[in-house]
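This is what each chain is made of:
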Amino acid sequence: MSNANPPATFEAFPRRDGQLHVEQVPVADIAEAVGTPAYLYSAGALEAAHDGLAGAFAGRPALLCYAIKANMNLAVVSLLVRRGAGVDVTSGGELFRALRAGADPARIVYSGVGKRDDEIRAALEAGIKMFNVESRAELRHVDAVAGALGVRAPVAFRVNPDVDPKTHPYISTGLKTSKFGIPIGEATAAYAEAKALPNVDVRGVDCHIGSQLVSIEPFADALALVRDLVVELRAAGHAIEVVDVGGGLGVTYAEEVPPSPTAYAAAVTGAVGDLDCEIVVEPGRSIAANAGIFVTRVLYQKGSDEKHFVIVDGAMNDLLRPALYGSYQRVEPVGPARAGVRKVDIVGPVCESGDFLAKDRSFPSVEEGDLLAIRSAGAYGFAMSSNYNGRPRAVEVLVRGDRYEVVRERESLEDMIRGERIPQEL
Ligand SMILES: *Cc1c(COP(=O)(O)O)cnc(C)c1O
């Protein structure tokens, strides 16, 4: 990894004269030009997050593979790839995006429980670094597809150490009851099977226990088990050269204090640093989350004694995390806070009671037309968006310094129905 001396901090969203900015551009100016709802990303913040983590592993044989599912915009991926990142993909579609963004195939790892044969073939044709295989059934498919292509497939098994990451159940992936990986107790047999297959090369061991981890212990516990497994596998004659420690490093949405990149790297290298392996890390959220905001405009307000609703033009189809996980993201007015504070629900126009961006939040008074910024929206924001309720997906904008560019146009109504047909014969 390069860039050993990252900027200590980068103030991506400063407030100047009361006005929220992305780097040096007033958010209101961008919203005026591109409309709302909109995702705005700071190039400097993406780079600082990448460099901070990459720098923490400097001097080690380590590869940062950005988990593209967090934010797969080509501009974002390209920026990180140019910074030296590899990519962690979880589908053929993400592989396509990674390659289009200029990723080096030799720095792409492919995770995911349900790889189809056509996706496996595309990854082999591209020449990726490694498949993180999640079942023995998948292993046999990887072997067969590689055999048909006349190539060898580099593989690791994703092992499931049964460690509780103490995060939201939907983003816990390393428990015995999880669909991900193979139980670590079955790894010996799985690796033996892999070794006997003609078209796969065993390269490593992979482990990813969950997302938004805010303490170091679950990482340390899981990696201690991975370390023992590597020693055991080597004793059984497997050439384990890569330990992929997954992603999952948490970020600050509210008051959380996640491990620093340095503390995280120390835990990783403390657990597996003496194995003489290349270490792959797969961060997604910790690179992108706090490099983005979601900007929406107040449409209406209504209320009773019980509840006050601020109805905005952004909704769960644009930003699903609050609805899906009940998660908290900071919200602030883009302009100076107006006088008066009250408890509000900030909700979108979608016909679901689960459609909220913030609930029971103490918030300054707002007026129709005011812009609001939802913070920490750079990861699992646009990436999880949909057309639900016939809503075109939002525009995405990348800002660097005093310049900005639209990096994904707002969907048009025509875009939204592309590919649909009204049958003539049925
Ligand atoms: C989602 C995912 C990641 C990234 O997780 P973050 O919490 O965003 O860092 C890494 N590896 C795999 C296999 C994943 O599924």
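These remarks concern the structure in this document.

Quick notes on the rules
Residues numbered from 1 in each chain as written. Predicted model: local features only at pLDDT ≥ 70, side-chain atom pairs only at ≥ 80, totals over all residues. Heavy atoms only, no water. Helix = DSSP H or I, 4+ residues; strand = E, 2+ residues; numbered from the N terminus. Expected span 1.5 Å × (residues − 1). Buried < 20%, exposed > 50% of the residue type's maximum accessible area, 1.4 Å probe, protein only. Contact = heavy atoms within 4.5 Å. Near = heavy atom within 4 Å. Polar contact = N/O pair within 3.5 Å; in protein donor to acceptor, adjacent residues only side chain to side chain. Areas by Shrake-Rupley, 256 points an atom, 1.4 Å probe, with all protein chains shown as cover. Nonpolar A, V, L, I, M, F, W, Y, C, P; charged D, E, K, R; others polar. Pairing = 2+ DSSP bridges.

1. A word on helix α2 (residues 43-56)
Then, number 1: End to end, α2 covers 20 Å across 14 residues, agreeing with the expected 20 Å (1.5 Å per residue, within 8%).
Then, number 2: When you tally the buried positions in α2, you get twelve out of 14 residues, the bulk of the element.
Then, number 3: Every buried residue belonging to α2 is among A43, G44, A45, L46, E47, A48, H50, D51, G52, L53, A54 and G55, and all of these are buried.
Then, number 4: Packed against the buried residues of α2 are β4 (38-42), β5 (62-67), α3 (74-82), α9 (261-272), α10 (285-288) and β20 (395-400).

2. Regarding the environment of A31
Then, number 1: Relative to the helices and strands, A31 is located in helix α1 (residues 27-34).
Then, number 2: Looking at A31, the relative accessible area reads 6%, which means it is buried.
Then, number 3: Sequence separation between A31 and T296 is 265 residues; the distance between their C-alpha atoms is 8.6 Å.

3. Notes on the site of the ligand
Then, number 1: Surveying the vicinity of the ligand reveals 14 residues, the closest of which are K69, S211, E282, R285 and Y380.
Then, number 2: K69 is positioned with one of its side-chain polar atoms (N or O) 2.8 Å from an oxygen atom of the ligand.
Then, number 3: Backbone polar atom of G248 to an oxygen atom of the ligand: 2.9 Å apart, as the coordinates give it.
Then, number 4: Computed on the free molecule, the ligand has an accessible area of 390 Å², of which 95% lies beneath the protein chains in the complex.
Then, number 5: Here the residues of the shell around the ligand sort into three nonpolar, six polar and five charged.

4. Re the pairing of strand β15 (residues 308-312)
Then, number 1: Taking burial as the measure, the five residues of β15 include four buried ones, the bulk of the element.
Then, number 2: Two elements, strand β14 (residues 292-303) and β15, share five bridges in a ladder whose sense is antiparallel. Residue pairing across strands places K302 opposite F309, the latter belonging to β15.
Then, number 3: Joining the antiparallel neighbours β14 and β15 is a turn of four residues.
Then, number 4: Where β15 and strand β17 (residues 341-347) come together, three bridges link them in parallel fashion. Across the sheet, residue F309 finds its bridge partner in β17, namely D345.

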